[in-house]
Amino acid sequence: MKLCAICLLALAALPGNAADATGANWPQFRGPSAGGLGSGAPPTEWNVASGKNILWETAIPGLGHSSPVVWGNRIFVTSAVPASGESSLKVGLYGDIAPVKGEPAQSFNVYCVNRKSGKILWERVAASGPPKIMRHPKSTHANPTPATDGKHLVVFFGSEGLFTYNLDGKLLWKKDFGVLDAGFYMASGAQWGFASSPVIHGNMVIIQADVQKGSFVAALDIETGKEIWRTPRNDVPTFGSPAVVPYTADGAKGWQVVVNGWRHIAGYDLKTGKELWSLKGGGDIPVPTPVFEDGLVVITNAHGKGRPIYAIRADAAGDITDSKSAIAWTEPRGGNYMQTPLLDNGLGYFCFDSGVLSVYKMATGERQYQQRLGGGTSGFTSSPVAAGGHLYITNEEGHSYVLALGPEYKLLAENEIGETVMATPAISDGVLYVRGGKHLFAIGAKQ
């Protein structure tokens, strides 16, 4: 079985409050509802070496693939800082499944950065010590993206625990879930690190923990950390994050938690954790986060024999594996391995880890175009984001492609960050915040 390199990003994480959707806050992975749609219009061109449209750059110690999140005038990001030396990172397209061995103790850190100046306002050490789980060479010990609702900041370090702070860095509560061993289900020694990001919705923190043994999805009280419900899952380790999307059943409207999977793609009632629907099949190492638009939940994955896109009606019920009514359409060979897709204005943008971008009409599944970005030798892990009519896609080498949103391929610009980029950018008020291998960059039009 061919294995492309795993980068267990925090590819995941979803909606906060609905009010955030029209504001400048970017509260979780890919912003409000994990849609990847930001406010304002970031530049289409920049250059770190010359300083063109680079508002600031701030060094972030250690290694982390967690994406930046934004609330008001603050940016939050996490990192794992080794007690000695520097953590190695191997990017690109390859098939090595062996984890990194013999790493020193780590400091699992949280950083708060001033959005206007880039100055680090505060730093907290959530935990420290030898990592309880090894990581993939392309992964880190700080993969999950934080989540905030403007009052709480929730950060997840997998086996090292879940921590909730206020925005001034005061620890409110923490929870230990024990060892969360996410790795290759066919080789127990291939530990790859935890990647699923937390989600805040109302008074709940939603987490997904698909691991070697005892997988589950759960809701915690955001004020206390008390478990509201926990539902077991019948799946192997997966690396996406939960999504909270609306649904209607028997005339009543509600919210459901949707999770990607291989054996167990599913939707759960937000209030109770009761399973509403389930689906089997697809790629056996699911990474992308579910996304939602116009009544359709979109699930995609691509590893092993399966590479599907599923467009699932949000009011699905029961086992829909062979349903012709609950699944609006499917594309058996169009799915993503690493990137969470982007939905906008009736179109879906799906990018393979080799850089092949496909755009579909979401109402019908009709492909509008397919185009390779670059020469096919670079990996693409960071998920696309969009604002101001532009789509931003960055490969692992820090080379960004800026395209026009729409049914026709229009490449507007190409730009260099000058560092490895694995994390998904954030967008707020026309500024693109990109986390590189060593720095956090603010890219915006200079006055």
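**Q** Any chance you could explain the overall build of the chain here in plain terms?
**A** Across its full length, the chain carries zero helices and 33 strands. Across its three principal directions, the C-alpha atoms of the chain cover 55 × 50 × 45 Å. Within the chain, buried positions represent 64% of all 447 residues. Restricting the contact set of the chain to residue pairs at least 6 apart, pairs at least 24 apart contribute 60%. Carbon and sulfur atoms make up 50% of the accessible area of the chain, which totals about 15,800 Å². Each charge sign in the chain was given a centre, from 38 positive and 37 negative side chains, and these centres are 2 Å apart.

**Q** Before we go on, may I ask you to explain the sheet that holds strand 30 (residues 411–416) in this structure?
**A** Within a sheet, neighbouring strands are paired by backbone hydrogen bonds and run either parallel or antiparallel to one another. The sheet built from four strands is open, its strands ordered 27-28-29-30 with antiparallel pairing. Sheet topology places strand 27 (385–387) and strand 30 at the edges, where each strand pairs with a single neighbour. The mean inter-strand angle of the sheet, taken between neighbouring strand axes irrespective of direction, is 20°. Judged from the three bridges that link them, strand 27 and strand 28 (residues 390–394) form a sheet pairing that is antiparallel. Residue pairing for strand 28: valine 385 is matched across the bridge by tyrosine 392.

**Q** Would you take a moment to explain the sheet that holds strand 3 (residues 74–82) for this structure?
**A** Here four strands make up an open sheet; going across it, the order is 2-3-4-5 and the pairing antiparallel. Among the strands making up the open sheet, the edge pair consists of strand 2 (69–71) and strand 5 (120–129). Geometrically, the sheet is characterised by an average inter-axis angle of 25° between neighbouring strands, direction not taken into account. With eight bridges connecting them, strand 4 (residues 106–114) and strand 5 associate as antiparallel partners. If you follow valine 113 over to strand 5, its bridge partner there is isoleucine 120.

**Q** I keep staring at the nonpolar core and nothing clicks. Help me out?
**A** As a rule of thumb, nonpolar side chains are buried together in soluble globular proteins. Counting 28 residues, the largest nonpolar core has Trp46, Ile417, Leu432, Tyr433 and Ile443 as its most contacted members. For this core, the elements supplying multiple residues, two or more each, are strand 1 (54–59), strand 3, strand 4, strand 27, strand 31 (426–428), strand 32 (431–435) and strand 33 (439–443). Once residues lying within four places of it in the same chain are set aside, the contact partners of isoleucine 443 are Pro43, Trp46, Asn53, Ile54, Ile417, Gly430, Val431, Leu432 and Val434.

**Q** How should the confidence of the model for the chain be read in this particular structure?
**A** In regions of low pLDDT, the predicted coordinates are not meant to be interpreted in detail. Scored by pLDDT, the chain comes out at a mean of 94, with 95% of its residues at no less than 70. The low-confidence segment residues 1–22 (pLDDT under 50) makes 109 contacts with residues lying over four places distant or belonging to another chain.

**Q** Looking at this model, I keep getting lost on the pattern of salt bridges. Mind explaining?
**A** Between side chains of opposite charge, pairing is possible as soon as their charged atoms come close. Enumeration over the complete set of coordinates arrives at twelve salt bridges. Lysine 438 is the salt-bridge partner of glutamate 86, the closest N and O atoms lying 3.6 Å from each other. Of this pair, glutamate 86 sits in the loop between strand 3 and strand 4 while lysine 438 sits in the loop between strand 32 and strand 33; the two residues are 352 residues apart in sequence, bridging distant segments of the chain. Put simply, arginine 135 and glutamate 103 hold a salt bridge, and the shortest N to O gap is 2.9 Å. Taken together, the positions of arginine 135 in the loop between strand 5 and strand 6 (147–148) and glutamate 103 in the loop between strand 3 and strand 4 put the pair 32 residues apart, joining distant regions of the chain. Assessed through its relative accessible area of 1%, arginine 135 is described here as buried. Each of Asp210, Arg233 and Asp235 takes part in one network of salt bridges that share partners.

**Q** Explain unusual backbone geometry to me, please; I cannot follow it from the model alone.
**A** Leaving glycine out, the prevailing phi sign among residues is negative, and the prevailing peptide bond configuration is trans. With a phi close to 60°, serine 33 is a non-glycine residue in the positive phi region. Residue serine 33 is classed as partly exposed on the basis of its relative accessible area of 39%. Phi at asparagine 345 is positive, roughly 55°, even though this residue is not glycine.

**Q** Looking at this model, I keep getting lost on the packing of aromatic side chains. Mind explaining?
**A** Aromatic ring pairs are defined here through the distance separating the ring centres and the angle between the ring planes. Within the structure shown, the criterion is met by 17 aromatic pairs. Look at tyrosine 369 and tyrosine 409: their rings are 5.8 Å apart centre to centre, the planes differ by 65°, and that puts the pair in the edge-to-face class. Taken together, the positions of tyrosine 369 in strand 26 (residues 366–372) and tyrosine 409 in the loop between strand 29 (399–404) and strand 30 put the pair 40 residues apart, joining distant regions of the chain. Assessed through its relative accessible area of 10%, tyrosine 369 is described here as buried. Ring pairing ties together the aromatic residues Phe184, Tyr185, Trp192, Phe239 and Trp262, which thus form one cluster. Just above the ring of tyrosine 94 sits the side chain of lysine 90; from NZ or CZ to the centre is 4.3 Å. Seen from the ring of phenylalanine 216, arginine 230 lies directly overhead, with NZ or CZ sitting 3.9 Å from the centre.

**Q** Please clarify how the side chain of threonine 289 should be interpreted in this entry.
**A** Relative to the assigned elements, threonine 289 resides in the loop between strand 17 (275–279) and strand 18 (291–293). One polar contact links the side chain of threonine 289 to the main-chain amide nitrogen of serine 241, over a distance of 3.4 Å.

**Q** I tried to follow the environment of leucine 403 on my own but got confused; where do I start?
**A** With respect to the helices, strands and loops of the structure, leucine 403 is situated in strand 29. Given the relative accessible area of 0%, leucine 403 is considered buried. Along the sequence, leucine 403 and lysine 438 sit 35 residues apart, while their C-alpha atoms lie 26 Å from each other. With near-sequence residues (within four places) excluded, leucine 403 lies in contact with Leu357, Tyr369, Leu373, Gly389, His390, Leu391, Tyr409, Lys410, Leu411 and Leu412.

Rules used throughout
Residues numbered from 1 in each chain as written. Predicted model: local features only at pLDDT ≥ 70, side-chain atom pairs only at ≥ 80, totals over all residues. Heavy atoms only, no water. Helix = DSSP H or I, 4+ residues; strand = E, 2+ residues; numbered from the N terminus. Buried < 20%, exposed > 50% of the residue type's maximum accessible area, 1.4 Å probe, protein only. Contact = heavy atoms within 4.5 Å. Areas by Shrake-Rupley, 256 points an atom, 1.4 Å probe, with all protein chains shown as cover. Lys, Arg positive; Asp, Glu negative; His and termini not counted. Charge placed at Lys NZ, Arg CZ, Asp CG, Glu CD. Pairing = 2+ DSSP bridges. Axes fitted to C-alpha atoms, helices over the stretch in contact; angles between N-to-C directions. Core = buried A, V, L, I, M, F, W, Y, C linked by side-chain atoms within 4.5 Å. pLDDT = per-residue confidence, 0-100. Salt bridge = Lys/Arg side-chain N within 4 Å of Asp/Glu carboxyl O. Phe/Tyr/Trp six-rings, centres within 6.5 Å; stacked < 30°, edge-to-face > 60°. Lys NZ or Arg CZ within 6 Å of the ring centre and 35° of its normal. Polar contact = N/O pair within 3.5 Å; in protein donor to acceptor, adjacent residues only side chain to side chain.

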